[in-house]
Amino acid sequence: MDLHLEHITLVYPDGDSTLTAVDDVDLTVPAGTTTALLGPSGAGKSSLLAVAAGLTQPSRGTVTIGADVVFTPDTSVADSTRVRLERIGMVFQSPQLLGSLTALEQLELHAHLRGKRPASVRERGMELLDAVGVADHAHKRPAQLSGGQRQRVAIARALVGRPEVLLVDEPTSALDHERGTQVVELITGLAREMAAATLLVSHDASTLATVDATVRMLDARLEESAPLAAVRPA
Amino acid sequence: MFVALRDLQHARGRFVLMSVVIVLITFLVTFLASLTAGLARESTSAVTDLPADHIAFSMPAEDDAPEFTASRVEADQWDAWADVEGVESADPLGVATTRAETDGTTASVTALGVDEGTNLVPGSDGEGDDGEAGDVEPGTVVLTPEAAGALDAQTGDIVTLGGTALTVAATVEADQSFSHTPVVWTSLDDWQDIGARGSATAGGGADPVATVVALTTTDDADLAAADDALGTTTVTTSDARSAVSSFAGENTSLTTMQAFLLVISALVVGAFFTVWTISRSGDIAVLKALGGSTGYLLRDALGQAAVLLVGGVAVGTGLSVAAATLLPDAVPVVVTTATTLVPAAGLILLGLVGAGVSVARITRIDPHAALAAR
Ligand SMILES: Nc1ncnc2c1ncn2[C@@H]1O[C@H](COP(=O)(O)OP(=O)(O)O)[C@@H](O)[C@H]1O
Ligand SMILES: [Mg+2]
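Given the structure is predicted, the values throughout are model-derived calculations rather than measurements.

K.L.:
Is there a simple way to explain the interface of chain A and chain B in this structure?
P.N.:
Often the size quoted for an interface is simply the accessible area lost on bringing the parts together. With 28 residues of chain A at the interface, the matching set in chain B holds 26 residues. When the two sides are added together, the surface that chain A and chain B hide from each other amounts to roughly 2300 Å², 64% of it contributed by carbon and sulfur. A salt bridge links A:Glu105 to B:Arg6, with the nearest nitrogen and oxygen atoms 3.0 Å apart. Our enumeration of links across chain A and chain B arrives at seven residue pairs in polar contact (both at pLDDT 80 or more). Mapped onto the side of chain A that touches chain B, the elements with two or more residues apiece are α1 (45-52), α2 (77-87) and α3 (103-113) of chain A. Tallying contributions element by element places α3(A) first for the side of chain A that touches chain B, with five residues.

Structure representation (structure tokens):
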């Protein structure tokens, strides 16, 4: 299913005045493709992602998955939470794994939250951990994993529920160039394989060789999509 | 409780520490409750074990709260009580704590003066036929085992009660005491001679007196009307415990301590879960961002608190029961449902309230925070 962001505006209260973090953004991410969202710090990338994820209601505009309008300024917290659980996978800037759960349990948690037996996704969980290259560490807790391994577990966790939309916030910020490139490649590959519409925020264009499209954000607005060659390093 | 149980195991140190606190508080509360019940029995069992449902006091001033040390009833009062409709029996009972002596031994006892042929003494059916252990006749005294032990006296021995020499008629199997002294039974005549309060002589007349009237009533007895007519104050046998001065003082202070402990435990549990919830607010934001509903997260956290509380309280209660059985008999503890399971249930309930107030902050945690690096 495609992800459509239509006329998204997000205004934060800022003391007595307000701060427009996202200003009338339109963006479509087709299913099975990855769009990279670039831009300097403070441009509003995370804010746009938060709206796309239903973590915060847009001040104006709608988020649509396939033909379903999922988030509007009036969507309730409970409804947003359910959409996120059933249709959206998220990878955060830091891995955000739960300290008391093993790598495999981080994935099983998703089934539990959906009211299914955790064991019912064990097999798929192991396949995913294998796909991201940490199958050997399935029974380790986050404290026993390296930063890169944790980020890979986080990617597997985002995909375990077969989400229609995958939202990724700066997955490479803690990794060196080579590992960052590998992680982006992993995400784009898995997104294609699982037909997920993927929006990937990054401030490091050099790791984006494998993405399908790139858009750039500046001062809360989207610039015209640049051809990929323009953002690739020479 | 997918995450909650794993957190319990993962943060074992913290939870063990908290469990130990809960175990200790539970031990303290249930042991104190057992001790309160035990002390209450030592103070009042002579009253509560009476085969009577109400006790009529006659206080010097009408408005005085009933008290065994000040009450004084006269023969016409208990005779009149016996004639009240719905009153099946009205027996005079003299209560006086006094000194008892045998050859070489002295002990403090409470002498209960009873009419001949009454059933107020354990081991007597009140029919007046001779030969039952609990039959009290003038010139004799019936002992509880505790009094017999304290005085080192056996049947046939002479015991001097407040200057009056009496022969031990029997020792009855009854664990009764009053104001922490063992009970002995004498006839009402002898009890007046013992004159623990000088009642007979002070009264000046030949009228027999006693301390209270023990009543057995049916539901249709109009006790209030009879009180008004006879100048008495009638309370239930259970309420009559408050008329024992040692009970009133002990019970109030010990019950207050228990109430404080219950409140303290709720506060401690609340404080623990406040700190715990704050320390895992990052995890909660992530769980919400992953699609965990607020209701689910609240149930998860409360379930965790329940596991901790039920476990800690169960161990604490078990310890206190074990301690009560191991302690020497001299420590007056009475272990019943009311002294163990009731305070235990109170601790769990109040603990859950404390935890509930603390984990309620989960509702205010913004999943947006998961996007922030940490
Ligand atoms: N929760 C918030 N409340 C108020 N202002 C915020 C909040 N989150 C971000 N902002 C502001 O919105 C703007 C965009 O931030 P953000 O979306 O995090 O940018 P980026 O991810 O591109 O670095 C910034 O000026 C930031 O200070
Ligand atoms: Mg950001």
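K.L.:
Whenever I open this one, the environment of A:Val70 confuses me. Can you help?
P.N.:
Residue and element names in this part refer to chain A. Tracing the backbone through its elements, the reader meets Val70 in strand β5 (residues 68-71). Once the C-alpha coordinates of Val70 and Thr181 are considered, the two residues, 111 residues apart in sequence, prove to be 32 Å apart. Those residues in contact with Val70 that sit more than four places away from it in its chain are Val63, Thr64, Ile65, Thr75, Val83 and Arg87.

K.L.:
Looking at this structure, I do not really get the nonpolar core. What am I missing?
P.N.:
The tendency in soluble globular proteins is for nonpolar side chains to be buried as a group. Within the largest apolar cluster, 80 residues are counted, with the highest numbers of intra-cluster contacts made by A:Leu3, A:Leu5, A:Leu109, A:Leu167 and B:Phe273. Leave out the neighbours within four places in its chain, and A:Leu5 touches A:Val25, A:Asp26, A:Leu27, A:Leu48, A:Ala52, A:Thr62, A:Val63 and A:Leu199. In terms of nonpolar packing, the next biggest core, distinct from the first, is built from 35 residues, A:Ala36, A:Ala111, A:Val153 and A:Leu200 among them.

K.L.:
Is there a simple way to think about the packing of aromatic side chains in this case?
P.N.:
For any pair of aromatic rings, the description consists of the separation of the ring centres together with the inter-plane angle of the planes. All names here are of chain B. Considering all chains together, one arrives at six aromatic pairs over all chains under this definition. The interplanar angle of 75° and the centroid separation of 4.8 Å between the aromatic rings of Phe15 and Trp276 together place this pair among those described as edge-to-face. Pair noted here: Phe15 is in helix α2 (residues 12-48) and Trp276 is in helix α8 (residues 245-279), with a separation of 261 residues, a long-range link. Assigned by exposure class, Phe15 and Trp276 land together as buried. Between the aromatic rings of Phe272 and Phe273, the centroid separation amounts to 5.1 Å while the plane-to-plane angle is 85°, which identifies the pairing as edge-to-face. Put simply, the rings of Phe15, Phe272, Phe273 and Trp276 pair up and form one aromatic cluster.

K.L.:
Is there a simple way to think about the sheet that holds strand β8 (residues 197-201) of chain A in this case?
P.N.:
Two strands in a sheet stick together by hydrogen bonds in their backbones, pointing the same way (parallel) or opposite ways (antiparallel). Residue and element names in this part refer to chain A. Taken together, the six strands give an open sheet; going across it, the order is β6-β7-β8-β3-β9-β10, and neighbouring strands pair in mixed fashion. Edge positions in the sheet fall to β6 (88-91) and β10 (221-222), since each of these pairs with one other strand and no more. Here strand β3 (residues 34-38) runs beside strand β9 (residues 213-218); their pairing, made up of four bridges, is parallel. Directly across from Thr35, in β9, lies its bridge partner Ala213.

K.L.:
So what exactly am I meant to see when it comes to the sheet that holds strand β1 (residues 3-14) of chain A here?
P.N.:
Residues and elements named next belong to chain A. Strand order in the open sheet formed by four strands is β2-β1-β4-β5, with antiparallel pairing between adjacent strands. The sheet terminates laterally at β2 (17-29) and β5, the two strands that pair on one side only. The sheet shows a mean angle of 35° between the axes of neighbouring strands, taken without regard to direction. Inspection of the sheet shows strand β4 (residues 60-65) paired to β5 by three bridges, in the antiparallel sense. Pairing of Ile65 across the sheet is with Asp68, part of β5.

Definitions and limits used
- Residues numbered from 1 in each chain as written.
- Chains lettered and ligands numbered in written order.
- Predicted model: local features only at pLDDT ≥ 70, side-chain atom pairs only at ≥ 80, totals over all residues.
- Heavy atoms only, no water.
- Contact = heavy atoms within 4.5 Å.
- Buried area = accessible area lost by both parts, 1.4 Å probe.
- Salt bridge = Lys/Arg side-chain N within 4 Å of Asp/Glu carboxyl O.
- Polar contact = N/O pair within 3.5 Å; in protein donor to acceptor, adjacent residues only side chain to side chain.
- Helix = DSSP H or I, 4+ residues; strand = E, 2+ residues; numbered from the N terminus.
- Core = buried A, V, L, I, M, F, W, Y, C linked by side-chain atoms within 4.5 Å.
- Buried < 20%, exposed > 50% of the residue type's maximum accessible area, 1.4 Å probe, protein only.
- Phe/Tyr/Trp six-rings, centres within 6.5 Å; stacked < 30°, edge-to-face > 60°.
- Pairing = 2+ DSSP bridges.
- Axes fitted to C-alpha atoms, helices over the stretch in contact; angles between N-to-C directions.

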